[in-house]
2 protein chains.
Amino acid sequence: MSAFFTTPSMATGALALLALLATASVHAAPAKPAAQPLPPRPSLADVIKASGPSDWRALDPENTLYMELPTGRVILELAPAFAPATAANIRALVRERYFDGLFIIRSQEGFVVQWGDPDEDNPKPFKAAKTVKAEFTASIKDAGNFTRLKDGDVYAPQVGHANGFPAARDPASGRTWLTHCPAMVGVARDEGADTGNGSQLYVVIGHAPRQLDRNITVVGRVISGMALLSSQPRGTAASGFYDKPEQRMPIKAVRIAADLPEAERSRFEVMRTDSAAYQAAVDAQRNRGGPWTKVAAGKIDLCSAPIPVREQK
Amino acid sequence: MSAFFTTPSMATGALALLALLATASVHAAPAKPAAQPLPPRPSLADVIKASGPSDWRALDPENTLYMELPTGRVILELAPAFAPATAANIRALVRERYFDGLFIIRSQEGFVVQWGDPDEDNPKPFKAAKTVKAEFTASIKDAGNFTRLKDGDVYAPQVGHANGFPAARDPASGRTWLTHCPAMVGVARDEGADTGNGSQLYVVIGHAPRQLDRNITVVGRVISGMALLSSQPRGTAASGFYDKPEQRMPIKAVRIAADLPEAERSRFEVMRTDSAAYQAAVDAQRNRGGPWTKVAAGKIDLCSAPIPVREQK
């Protein structure tokens, strides 16, 4: 039974990344050979190892947010190509220190974790815009490069990746939108489409709630620190809100990377989703080989497609 | 901004269930009217409220497991129609008290939580079978009723529900299999297809890892208590295993409901997935109406289809 367990040999950077991407198989170290093993194929770890510097991009410091929690740093990348007005208002909120001292206010099983001001009777004031126009979809022409995933999708005519963000497109309408995959960050809103402003944000922690696509402004993605948010105890009030103040984790500060000295910045890179290496990375997940896998899926769904991230130490 | 927050009026059983199913929208109480509201349609809560006794089934006590954790009871339903030999071996392990005193040993972000014996050098002995034949797929003829979901799927020719479990089918091969949706429980194994035995089980906590379908025996589903597992702190060793004994949550006991006196049993019912009420429940999620939703998805993917569960107090 020892092979059910992990071994030090698995604790490599590549496999740690593989784990981070939650694409590992439900097993640990290999032991007995399989009856009819599939041919060995490059793994995601192999593809990452073989990639070159040009296959990766550094995060833009102006579009990188650090949310400092008592348990560590969560890093978010904003997507101004899809939500320019909302991204700008979030930057304004961060620069007036709006989020400092606020809280994680919601943790709903299989759905989202949300943060902001829990006090509806006496809300913390801010100078940034109170309402921002809905940015639920963007023009295909304006949204930049799109690398289509060939495997199809239940919800949209086309899906793929735009500059490292999972996205969908409808050529008939000429519109494109970011999709609610795990780690994507959206803007909580009231009933009115234009009632969001970025002062309350949520991150997807469970199976992709794609029914939210095109109904809410999606403004970015958590690049690092998902586990700090997703493992929060679930809230016991309706929709997973915390009904007791002591249940809420405080937000020490939120900062824009560009506003911090170099020494205080994290150095993360994202694999370019328009690179050949990325196509190899997706194919490694689509068609797995080796002794553990008995049947390669041959397909991959949008929210299961890895978006490799690495930290430059 | 008050409408960003939950209100006591939301804390109804129906909405609590809605929350449990992680299908709520990212907002709280309604406030301002939407510009162009969609027509009102029955919600999942409405469908559940309108359902009759014949739309629900009680769990079979012989196929219901209670995993007692320090934080509460997790309830699993076994699926003997798909994995009869594995379900029988798990019952044997439970009845010899194998799991009592073992641990949650793995929590991998966005993937699985796993439990069993962490001691590979001196494993806890058991009388049940050490290996059980692979039950990765079953014959369509043997697996019982199947209610097809019409929305399509990226991975399989047909998907739907079999007696309350998400499943896929391939008419060409005559095979069917349970799918790796959130809350589904599988059997950790070594490289050999027949090396699993049920002494180590995992539950899916993130976006459905469908690449595992047909590669591992899926034996059931968590009916209640997912939050007790999914909010466990993530393990820091490779693949999310806990590398420090104090990180592991102990399992007080695992019992079969049939072996407990009535007074100690939980009374859960699952909506019959072959009922008309279930079709209405799925359609309520597929085509949402009302003032918050601006665009109804019109589609639903297999692992987003709700499987309503209710507790008889």
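Moving on, we come to the overall build of chain A. Counting its regular elements, chain A contains five helices and 16 strands. Sequence-distant contacts in chain A: of pairs separated by 6 or more residues, those separated by 24 or more amount to 72%. Surface exposure of chain A reaches about 11,600 Å², of which carbon and sulfur atoms provide 55%.

Residue and element names in this part refer to chain A. In a regular helix each residue adds 1.5 Å, so twelve residues correspond to 16 Å; helix H3 (residues 84–95) covers 16 Å between its end C-alpha atoms and thus fits that length. Among the residues of H3, those classed as buried are Thr86, Ala87, Asn89, Ile90, Arg91, Leu93 and Val94. Those residues of H3 hidden inside the fold are in contact with strand S2 (64–69), strand S3 (72–78), strand S11 (184–187), strand S12 (201–204), strand S13 (218–224) and strand S14 (253–256). Two residues or fewer after H3 comes Arg97, characterised by a positive phi angle close to 65 degrees.

Comment: phi is negative for the bulk of residues other than glycine, and the bulk of peptide bonds are trans. All names here are of chain A. Located in the positive-phi region is Asn163, a residue other than glycine, with phi close to 50 degrees. Within the element layout of this structure, Asn163 appears in the loop between strand S8 (158–162) and strand S9 (165–170). What makes Asn163 partly exposed here is its relative accessible area of 32%.

Moving on to the sheet that holds S2(A). Residue and element names in this part refer to chain A. Strand order in this open sheet of eight strands is S4-S5-S12-S11-S13-S3-S2-S14, and the pairing throughout is antiparallel. Both outer strands of the open sheet, strand S4 (103–107) and S14, are each paired with one neighbouring strand and no more. Taken pair by pair, the neighbouring strands of this sheet meet at an average axis angle of 30 degrees, ignoring direction. H3 contacts S2, S3, S11, S12, S13 and S14 of the sheet and is inclined by roughly 120 degrees relative to S14.

Once that is clear, we can look at the state of the cysteines. All names here are of chain A. Applying the stated criterion across every chain yields a total of two disulfides over all chains. Bridging Cys181 to Cys303, the disulfide has an S-S length of 1.9 Å. As the torsion about the S-S bond is roughly -70 degrees, the Cys181-Cys303 disulfide counts as left-handed. Taken together, the residues span a long stretch of sequence, with Cys181 in the loop between strand S10 (175–178) and S11 and Cys303 in the loop between helix H5 (276–286) and strand S16 (309–311) at a distance of 122 residues.

Residue and element names in this part refer to chain A. For S8, a buried count of five out of five residues is recorded, marking the element as mostly surrounded by other parts of the structure. In this structure, strand S7 (residues 147–148) lies alongside S8, joined through two bridges in antiparallel fashion. Bridge pairing links Arg148 to Gly160 in S8. Between the antiparallel neighbours S8 and S9 lie two residues, among them Asn163 with a positive phi of about 50 degrees.

Residues and elements named next belong to chain A. Mean pLDDT over chain A stands at 89; residues scoring 70 or higher make up 88%. For the stretch residues 1–25, pLDDT sits under 50, and the model shows 69 contacts to residues farther than four places along the chain or on other chains. Low pLDDT, under 50, characterises residues 27–34; the stretch is placed with 25 contacts to residues that sit more than four places away or in other chains. This complex was scored by the predictor with a pTM of 0.91 and an ipTM of 0.90.

Basis of the calculations
Residues numbered from 1 in each chain as written. Chains lettered and ligands numbered in written order. Predicted model: local features only at pLDDT ≥ 70, side-chain atom pairs only at ≥ 80, totals over all residues. Heavy atoms only, no water. Helix = DSSP H or I, 4+ residues; strand = E, 2+ residues; numbered from the N terminus. Contact = heavy atoms within 4.5 Å. Areas by Shrake-Rupley, 256 points an atom, 1.4 Å probe, with all protein chains shown as cover. Expected span 1.5 Å × (residues − 1). Buried < 20%, exposed > 50% of the residue type's maximum accessible area, 1.4 Å probe, protein only. Pairing = 2+ DSSP bridges. Axes fitted to C-alpha atoms, helices over the stretch in contact; angles between N-to-C directions. Disulfide = S-S within 2.5 Å. pLDDT = per-residue confidence, 0-100.

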